[in-house]
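Each chain, letter by letter, is given below.
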Amino acid sequence: MIVAENLMKIYKTGDIEVVALQGLDLTVEDGELMAIIGNSGSGKSTLLNMLGGLDTPSAGSLYVDGKNLLKMSPKEMMAYKRETVGFMWQNSARNLIPYLTAQENIELPMRMGGMKVADMPPLPGPDGNPVSPSTAPQRAQILLSLVGLGHKAKSRLSELSGGEQQRIAIAIALANNPKLLLCDEPTGAVDSKTTVDILNLFRQLNRTLGITIVIVTHDRLVSSFVDRAVMIRDGRTSSEFIRRNTAEDLSHLEGFATDEQEGTAQPQREVEELTVLDRSGRIQLPREYLDALGIEGRSKVKVQLEDGKIVISPGE
(Lines give C-alpha, C1' and ligand atoms only; values in the text may rest on other atoms or scores of the structure.)
Protein backbone atom coordinates (compact mmCIF):
# COMPACT_ATOMS: atom_id res chain seq x y z
CA MET A 1 0.00 0.00 0.00
CA ILE A 2 2.83 2.42 0.89
CA VAL A 3 6.39 2.45 -0.40
CA ALA A 4 8.56 5.39 0.70
CA GLU A 5 12.23 5.48 -0.21
CA ASN A 6 14.87 7.96 0.96
CA LEU A 7 12.28 10.63 1.77
CA MET A 8 13.74 14.06 2.48
CA LYS A 9 11.89 17.15 3.65
CA ILE A 10 13.57 20.49 4.24
CA TYR A 11 11.62 23.53 5.41
CA LYS A 12 13.14 26.94 4.69
CA THR A 13 12.38 30.11 6.62
CA GLY A 14 14.57 32.92 5.39
CA ASP A 15 18.16 31.74 5.76
CA ILE A 16 17.22 28.95 8.17
CA GLU A 17 16.75 25.36 6.99
CA VAL A 18 15.05 22.71 9.11
CA VAL A 19 15.43 19.06 8.06
CA ALA A 20 12.21 17.26 9.06
CA LEU A 21 12.92 13.99 7.22
CA GLN A 22 16.38 12.74 6.30
CA GLY A 23 16.37 9.62 4.16
CA LEU A 24 13.31 7.91 5.60
CA ASP A 25 12.33 4.47 4.25
CA LEU A 26 8.97 2.83 4.95
CA THR A 27 6.90 -0.02 3.52
CA VAL A 28 3.32 -0.73 4.60
CA GLU A 29 1.49 -3.80 3.31
CA ASP A 30 -2.05 -3.72 1.96
CA GLY A 31 -4.51 -4.38 4.80
CA GLU A 32 -1.95 -3.78 7.55
CA LEU A 33 -2.76 -2.14 10.89
CA MET A 34 0.35 -0.25 11.97
CA ALA A 35 1.53 2.75 13.95
CA ILE A 36 4.21 5.36 13.41
CA ILE A 37 5.58 6.43 16.78
CA GLY A 38 7.85 9.35 17.54
CA ASN A 39 8.40 12.28 19.86
CA SER A 40 7.54 15.85 18.95
CA GLY A 41 9.80 17.01 16.10
CA SER A 42 10.72 13.48 15.00
CA GLY A 43 9.11 13.93 11.56
CA LYS A 44 6.06 11.70 12.00
CA SER A 45 3.51 14.46 11.28
CA THR A 46 5.47 15.53 8.21
CA LEU A 47 5.32 11.96 6.93
CA LEU A 48 1.57 11.76 7.64
CA ASN A 49 0.95 14.97 5.70
CA MET A 50 2.88 13.56 2.74
CA LEU A 51 0.84 10.34 2.78
CA GLY A 52 -2.33 12.42 2.88
CA GLY A 53 -1.29 14.56 -0.07
CA LEU A 54 -1.04 17.68 2.11
CA ASP A 55 2.72 18.10 1.69
CA THR A 56 5.38 17.00 -0.80
CA PRO A 57 8.90 15.61 -0.20
CA SER A 58 11.99 17.64 -1.07
CA ALA A 59 13.56 14.45 -2.44
CA GLY A 60 12.98 10.70 -2.58
CA SER A 61 10.03 8.67 -3.85
CA LEU A 62 6.57 7.98 -2.41
CA TYR A 63 3.97 5.56 -3.78
CA VAL A 64 0.55 4.89 -2.25
CA ASP A 65 -1.69 2.21 -3.77
CA GLY A 66 0.59 2.19 -6.80
CA LYS A 67 0.22 5.95 -7.32
CA ASN A 68 3.29 8.17 -7.55
CA LEU A 69 2.46 11.10 -5.29
CA LEU A 70 5.37 13.15 -6.63
CA LYS A 71 4.09 13.13 -10.21
CA MET A 72 0.38 13.80 -9.72
CA SER A 73 -1.38 16.70 -11.39
CA PRO A 74 -3.56 18.91 -9.16
CA LYS A 75 -6.65 17.14 -10.51
CA GLU A 76 -5.17 13.70 -9.81
CA MET A 77 -4.15 14.78 -6.31
CA MET A 78 -7.68 15.99 -5.58
CA ALA A 79 -9.09 12.63 -6.71
CA TYR A 80 -6.49 10.85 -4.56
CA LYS A 81 -7.50 12.79 -1.43
CA ARG A 82 -11.20 12.17 -2.09
CA GLU A 83 -11.09 8.51 -3.05
CA THR A 84 -7.90 6.75 -1.90
CA VAL A 85 -7.13 8.21 1.51
CA GLY A 86 -9.24 9.01 4.58
CA PHE A 87 -7.89 11.43 7.18
CA MET A 88 -8.69 11.68 10.89
CA TRP A 89 -7.30 14.56 12.93
CA GLN A 90 -6.70 14.74 16.69
CA ASN A 91 -8.64 18.01 16.97
CA SER A 92 -12.39 17.38 16.69
CA ALA A 93 -12.90 20.84 15.22
CA ARG A 94 -11.01 19.67 12.12
CA ASN A 95 -13.11 16.53 11.79
CA LEU A 96 -16.67 17.67 12.47
CA ILE A 97 -18.69 20.71 11.42
CA PRO A 98 -20.39 21.74 14.69
CA TYR A 99 -23.76 22.87 13.28
CA LEU A 100 -24.31 19.59 11.38
CA THR A 101 -25.58 16.39 12.96
CA ALA A 102 -23.36 13.32 13.18
CA GLN A 103 -25.11 11.75 10.18
CA GLU A 104 -24.90 14.96 8.12
CA ASN A 105 -21.16 15.16 8.84
CA ILE A 106 -20.70 11.63 7.48
CA GLU A 107 -22.86 12.34 4.41
CA LEU A 108 -20.93 15.50 3.50
CA PRO A 109 -17.80 13.84 1.98
CA MET A 110 -20.01 11.60 -0.16
CA ARG A 111 -22.03 14.55 -1.45
CA MET A 112 -18.97 16.71 -2.14
CA GLY A 113 -16.88 13.90 -3.62
CA GLY A 114 -19.33 13.18 -6.40
CA MET A 115 -18.92 9.42 -6.00
CA LYS A 116 -21.89 7.11 -6.50
CA VAL A 117 -22.73 5.36 -3.26
CA ALA A 118 -24.29 2.46 -5.15
CA ASP A 119 -20.91 1.76 -6.79
CA MET A 120 -19.12 1.37 -3.44
CA PRO A 121 -18.53 -2.09 -1.94
CA PRO A 122 -21.12 -3.36 0.57
CA LEU A 123 -20.68 -2.73 4.29
CA PRO A 124 -21.36 -5.20 7.12
CA GLY A 125 -24.82 -4.59 8.56
CA PRO A 126 -25.88 -4.92 12.21
CA ASP A 127 -26.25 -8.70 11.79
CA GLY A 128 -22.84 -9.01 10.08
CA ASN A 129 -24.30 -9.66 6.64
CA PRO A 130 -23.20 -7.36 3.78
CA VAL A 131 -25.48 -4.43 2.96
CA SER A 132 -25.26 -2.37 -0.25
CA PRO A 133 -26.65 1.13 0.46
CA SER A 134 -27.77 3.16 -2.55
CA THR A 135 -27.87 6.63 -0.97
CA ALA A 136 -25.57 8.75 1.20
CA PRO A 137 -27.98 8.71 4.21
CA GLN A 138 -28.17 4.93 4.11
CA ARG A 139 -24.38 4.54 3.98
CA ALA A 140 -23.97 7.10 6.79
CA GLN A 141 -26.39 5.12 8.99
CA ILE A 142 -24.45 1.89 8.43
CA LEU A 143 -21.13 3.63 9.20
CA LEU A 144 -22.64 5.03 12.41
CA SER A 145 -23.60 1.49 13.41
CA LEU A 146 -20.10 0.22 12.58
CA VAL A 147 -18.55 2.67 15.05
CA GLY A 148 -21.20 1.87 17.65
CA LEU A 149 -23.10 5.17 17.48
CA GLY A 150 -26.23 4.37 15.49
CA HIS A 151 -28.28 6.08 18.22
CA LYS A 152 -26.33 9.37 17.86
CA ALA A 153 -27.32 10.13 14.26
CA LYS A 154 -29.08 13.42 15.13
CA SER A 155 -26.51 14.62 17.70
CA ARG A 156 -24.30 17.63 17.08
CA LEU A 157 -20.71 18.19 18.19
CA SER A 158 -21.69 19.80 21.51
CA GLU A 159 -23.85 16.78 22.39
CA LEU A 160 -21.06 14.21 21.91
CA SER A 161 -18.31 13.16 24.32
CA GLY A 162 -14.67 13.25 23.23
CA GLY A 163 -14.67 9.53 22.50
CA GLU A 164 -17.92 9.79 20.53
CA GLN A 165 -16.51 12.66 18.49
CA GLN A 166 -13.50 10.53 17.56
CA ARG A 167 -15.75 7.63 16.55
CA ILE A 168 -17.80 9.95 14.33
CA ALA A 169 -14.52 11.23 12.85
CA ILE A 170 -13.57 7.65 11.95
CA ALA A 171 -16.94 7.19 10.20
CA ILE A 172 -16.40 10.44 8.27
CA ALA A 173 -12.95 9.29 7.16
CA LEU A 174 -14.49 6.03 5.90
CA ALA A 175 -17.36 7.73 4.06
CA ASN A 176 -15.86 7.55 0.55
CA ASN A 177 -14.52 4.00 0.93
CA PRO A 178 -10.80 4.86 1.12
CA LYS A 179 -8.12 2.18 0.82
CA LEU A 180 -5.92 3.92 3.39
CA LEU A 181 -6.99 5.47 6.71
CA LEU A 182 -4.55 7.96 8.27
CA CYS A 183 -5.04 8.87 11.93
CA ASP A 184 -3.19 11.77 13.56
CA GLU A 185 -2.95 11.23 17.34
CA PRO A 186 -6.50 9.77 17.50
CA THR A 187 -6.25 9.04 21.23
CA GLY A 188 -4.33 12.13 22.30
CA ALA A 189 -7.32 13.95 23.83
CA VAL A 190 -9.22 11.10 25.52
CA ASP A 191 -8.85 9.11 28.74
CA SER A 192 -7.22 5.67 28.98
CA LYS A 193 -10.45 3.66 28.82
CA THR A 194 -11.65 5.55 25.74
CA THR A 195 -8.20 5.07 24.23
CA VAL A 196 -8.57 1.31 24.55
CA ASP A 197 -12.07 1.41 23.04
CA ILE A 198 -10.89 3.44 20.02
CA LEU A 199 -7.85 1.21 19.41
CA ASN A 200 -10.04 -1.89 19.58
CA LEU A 201 -12.39 -0.23 17.07
CA PHE A 202 -9.47 0.27 14.68
CA ARG A 203 -8.65 -3.44 14.92
CA GLN A 204 -12.28 -4.35 14.28
CA LEU A 205 -12.52 -2.08 11.21
CA ASN A 206 -9.17 -3.30 9.91
CA ARG A 207 -10.32 -6.93 10.08
CA THR A 208 -13.90 -6.30 8.93
CA LEU A 209 -13.26 -3.88 6.05
CA GLY A 210 -9.73 -4.96 5.11
CA ILE A 211 -8.65 -1.30 5.12
CA THR A 212 -5.02 -0.30 5.69
CA ILE A 213 -4.76 1.84 8.83
CA VAL A 214 -1.76 3.99 9.80
CA ILE A 215 -1.86 5.60 13.26
CA VAL A 216 0.61 8.38 14.00
CA THR A 217 1.21 8.92 17.71
CA HIS A 218 3.77 9.74 20.39
CA ASP A 219 2.31 7.05 22.68
CA ARG A 220 4.18 3.73 22.68
CA LEU A 221 1.18 2.11 24.35
CA VAL A 222 -0.45 1.96 20.90
CA SER A 223 2.11 -0.65 19.82
CA SER A 224 0.27 -3.22 21.95
CA PHE A 225 -2.79 -2.94 19.70
CA VAL A 226 -1.28 -2.90 16.22
CA ASP A 227 0.48 -5.58 14.21
CA ARG A 228 3.59 -3.44 13.74
CA ALA A 229 4.86 -0.11 15.01
CA VAL A 230 7.66 1.92 13.43
CA MET A 231 9.67 4.31 15.59
CA ILE A 232 10.93 7.51 13.95
CA ARG A 233 13.88 9.36 15.44
CA ASP A 234 15.37 12.51 13.92
CA GLY A 235 13.50 12.13 10.64
CA ARG A 236 14.48 8.53 9.99
CA THR A 237 12.97 5.12 10.79
CA SER A 238 15.07 3.74 13.62
CA SER A 239 13.25 0.68 14.99
CA GLU A 240 10.16 -1.49 14.67
CA PHE A 241 7.96 -3.05 17.32
CA ILE A 242 6.44 -6.41 16.44
CA ARG A 243 3.58 -7.64 18.65
CA ARG A 244 4.08 -11.33 19.41
CA ASN A 245 0.50 -12.06 20.52
CA THR A 246 -1.80 -11.75 17.50
CA ALA A 247 -5.02 -12.81 19.23
CA GLU A 248 -8.05 -11.07 17.75
CA ASP A 249 -9.69 -10.27 21.09
CA LEU A 250 -7.96 -7.18 22.42
CA SER A 251 -10.54 -5.99 24.93
CA HIS A 252 -9.24 -3.76 27.69
CA LEU A 253 -9.66 -6.60 30.18
CA GLU A 254 -7.24 -8.80 28.24
CA GLY A 255 -4.93 -6.21 26.75
CA PHE A 256 -4.59 -4.05 29.86
CA ALA A 257 -4.31 -4.39 33.59
CA THR A 258 -6.25 -1.59 35.27
CA ASP A 259 -5.01 0.05 38.45
CA GLU A 260 -8.22 0.63 40.42
CA GLN A 261 -6.65 3.27 42.63
CA GLU A 262 -5.10 5.32 39.87
CA GLY A 263 -7.66 4.49 37.19
CA THR A 264 -4.91 3.99 34.64
CA ALA A 265 -4.27 1.14 32.24
CA GLN A 266 -0.94 -0.53 31.58
CA PRO A 267 -0.18 -2.73 28.54
CA GLN A 268 0.54 -6.38 29.28
CA ARG A 269 1.30 -7.70 25.79
CA GLU A 270 4.79 -8.77 24.79
CA VAL A 271 6.30 -6.57 22.09
CA GLU A 272 9.70 -7.13 20.48
CA GLU A 273 11.73 -4.13 19.31
CA LEU A 274 13.89 -4.49 16.19
CA THR A 275 16.38 -1.83 15.09
CA VAL A 276 16.15 -0.77 11.45
CA LEU A 277 19.27 -1.19 9.31
CA ASP A 278 19.21 1.09 6.23
CA ARG A 279 20.75 0.41 2.82
CA SER A 280 24.03 2.03 3.86
CA GLY A 281 24.36 -0.13 6.96
CA ARG A 282 23.40 2.69 9.35
CA ILE A 283 21.36 2.26 12.53
CA GLN A 284 20.09 4.64 15.20
CA LEU A 285 20.81 3.48 18.72
CA PRO A 286 18.21 4.18 21.43
CA ARG A 287 19.23 7.16 23.56
CA GLU A 288 18.84 5.18 26.79
CA TYR A 289 21.45 2.70 25.53
CA LEU A 290 23.91 5.49 24.80
CA ASP A 291 23.33 7.09 28.18
CA ALA A 292 23.82 3.77 29.97
CA LEU A 293 27.25 3.27 28.35
CA GLY A 294 28.28 6.90 28.59
CA ILE A 295 28.51 7.14 24.81
CA GLU A 296 26.14 10.08 24.38
CA GLY A 297 27.98 13.12 23.03
CA ARG A 298 30.99 11.18 21.75
CA SER A 299 31.86 11.46 18.08
CA LYS A 300 33.58 8.07 17.86
CA VAL A 301 32.87 4.61 19.27
CA LYS A 302 34.42 1.18 18.91
CA VAL A 303 32.59 -1.30 16.69
CA GLN A 304 33.87 -4.87 16.84
CA LEU A 305 32.73 -8.30 15.66
CA GLU A 306 32.88 -10.76 18.55
CA ASP A 307 31.49 -14.31 18.46
CA GLY A 308 29.08 -13.50 15.66
CA LYS A 309 27.82 -10.32 17.34
CA ILE A 310 28.47 -6.65 16.65
CA VAL A 311 29.68 -4.97 19.86
CA ILE A 312 29.64 -1.19 20.27
CA SER A 313 31.61 0.38 23.11
CA PRO A 314 32.96 3.83 24.07
CA GLY A 315 36.06 4.91 22.17
CA GLU A 316 39.34 5.88 23.80
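Residues numbered from 1 in each chain as written. Predicted model: local features only at pLDDT ≥ 70, side-chain atom pairs only at ≥ 80, totals over all residues. Heavy atoms only, no water.

Observations concerning the pairing of strand S2 (residues 16–28)
Logical step 1: Taken together, the 10 bridges between strand S1 (residues 2–13) and S2 define a ladder with antiparallel strand orientation. In the strand pairing of S2, Lys12 is matched with Glu17.
Logical step 2: As consecutive antiparallel partners, S1 and S2 are separated by two residues, and within that stretch Gly14 has a phi angle of approximately 65 degrees, a positive value. (Pairing = 2+ DSSP bridges. Helix = DSSP H or I, 4+ residues; strand = E, 2+ residues; numbered from the N terminus.)

Some words on the sheet that holds S2
Strand-to-strand pairing in sheets goes through backbone hydrogen bonds, with the strands running parallel or antiparallel.
Logical step 1: A sheet is described by the order of its strands in space; here four strands give the open sequence S2-S1-S4-S5, paired in antiparallel fashion. One side of each edge strand has no neighbouring strand; the edge strands of this open sheet are S2 and strand S5 (67–68).
Logical step 2: Relative to S5, strand S4 (residues 59–64) is paired through two bridges, and the arrangement is antiparallel. Opposite Tyr63, over in S5, you have Asn68 as the bridge partner.
Logical step 3: Against the sheet, helix H1 (residues 44–51) engages S1, S2 and S4, with an angle of about 115 degrees to S1. (Contact = heavy atoms within 4.5 Å. Axes fitted to C-alpha atoms, helices over the stretch in contact; angles between N-to-C directions.)

A few points about the side chain of Asp184
Logical step 1: Looking at the element boundaries, Asp184 is found in strand S9 (residues 180–184).
Logical step 2: The side chain of Asp184 is buried and forms no salt bridge, while Arg94, the nearest opposite charge, is found at 5.7 Å.
Logical step 3: Here Asp184 is in contact with Ser45, Leu48, Phe87, Met88, Trp89, Gln90 and Val216, once residues within four sequence places are set aside. (Buried < 20%, exposed > 50% of the residue type's maximum accessible area, 1.4 Å probe, protein only. Lys, Arg positive; Asp, Glu negative; His and termini not counted. Salt bridge = Lys/Arg side-chain N within 4 Å of Asp/Glu carboxyl O.)

Regarding unusual backbone geometry
Logical step 1: Despite not being glycine, Asn177 has its phi angle at roughly 55 degrees, a positive value.
Logical step 2: With respect to the element layout, Asn177 can be found in the loop between helix H6 (162–173) and S9.

Some details on the pattern of salt bridges
Logical step 1: Considering all chains together, one arrives at 10 salt bridges under this definition.
Logical step 2: Measuring nitrogen to oxygen at the nearest pair gives 3.2 Å for the salt bridge that ties Asp65 to Lys179. Taken as a pair, Asp65 in the loop between S4 and S5 and Lys179 in the loop between H6 and S9 lie far apart in primary sequence, 114 residues in all.
Logical step 3: You can call Asp65 partly exposed: its relative accessible area is 25%.
Logical step 4: One salt bridge connects Glu164 with Lys152, and the closest N-O pair in it is separated by 3.8 Å.

Quick word on the packing of helix H4 (residues 102–113) against H6
Logical step 1: H6 packs onto H4 with a crossing angle of 25 degrees between their chain directions and a minimal axis gap of 8 Å. Relative to H6, the element H4 lies roughly parallel. Where H4 crosses over H6, the handedness of that crossing is right-handed. Listed contacts from H6 to Ala102, Asn105, Ile106 and Pro109 of H4 are Ile168, Ala171 and Ile172.
Logical step 2: In terms of residue class, the contact of H4 with H6 is made up of six nonpolar, one polar and no charged. (Parallel < 35°, antiparallel > 145°, perpendicular 65-115°, else oblique. Left-handed = near helix turned anticlockwise from the far one by under 90°. Nonpolar A, V, L, I, M, F, W, Y, C, P; charged D, E, K, R; others polar.)

Remarks on the layout of surface pockets
Logical step 1: Roughly 730 Å³ of volume is contained in the largest pocket.
Logical step 2: Lys81, Arg82, Phe87, Pro109 and Ile172 are, among the 25 residues lining the largest pocket, the residues nearest its centre.
Logical step 3: Looking at which element gives the most residues to the lining of the largest pocket, the answer is H4, with five residues.
Logical step 4: Considered class by class, the residues forming the lining of the largest pocket number 16 nonpolar, six polar and three charged.
Logical step 5: Lining the second largest pocket are 20 residues, with Asn39, Arg233, Asp234, Leu285 and Arg287 positioned closest to its centre.
Logical step 6: Mapped by element, the contributors of at least two residues to the lining of the second largest pocket are strand S11 (228–233) and helix H9 (287–293).
Logical step 7: Residue composition of the lining of the second largest pocket, by class: seven nonpolar, seven polar and six charged. (1 Å grid on protein atoms, 1.4 Å probe; cavity = no way out; pocket = protein on both sides within 12 Å on 5 of 7 lines; lining within 4 Å. Points joined across faces, edges and corners; volume = space filled by probe spheres on them.)

Some remarks on the nonpolar core
Logical step 1: Ile106, Ile170, Phe202 and Ile215 are the most contacted members of the largest nonpolar core, which has 47 residues in total.
Logical step 2: Broken down by secondary-structure element, the contributors of at least two residues to this core are strand S3 (33–37), H4, helix H5 (136–146), H6, S9, helix H7 (192–209), strand S10 (212–217) and S11.
Logical step 3: For Phe202, the contacting residues outside a window of four places in its chain are Leu33, Met88, Ile170, Leu181, Cys183, Pro186, Ile213 and Ile215.
Logical step 4: Counting residues in each nonpolar core, the second largest holds 29 residues, with Ile2, Leu51, Leu180 and Leu182 among its members. (Core = buried A, V, L, I, M, F, W, Y, C linked by side-chain atoms within 4.5 Å.)

A few points about H5
Logical step 1: Of all the positions in H5, only Ala136, Arg139, Ala140, Ile142, Leu143, Leu144 and Leu146 are classed as buried.
Logical step 2: Considering only its buried residues, H5 is in contact with H4, strand S7 (123–124), strand S8 (130–131), H6 and H7.
Logical step 3: At the exit of H5 stands Gly148, carrying a positive phi of roughly 75 degrees.

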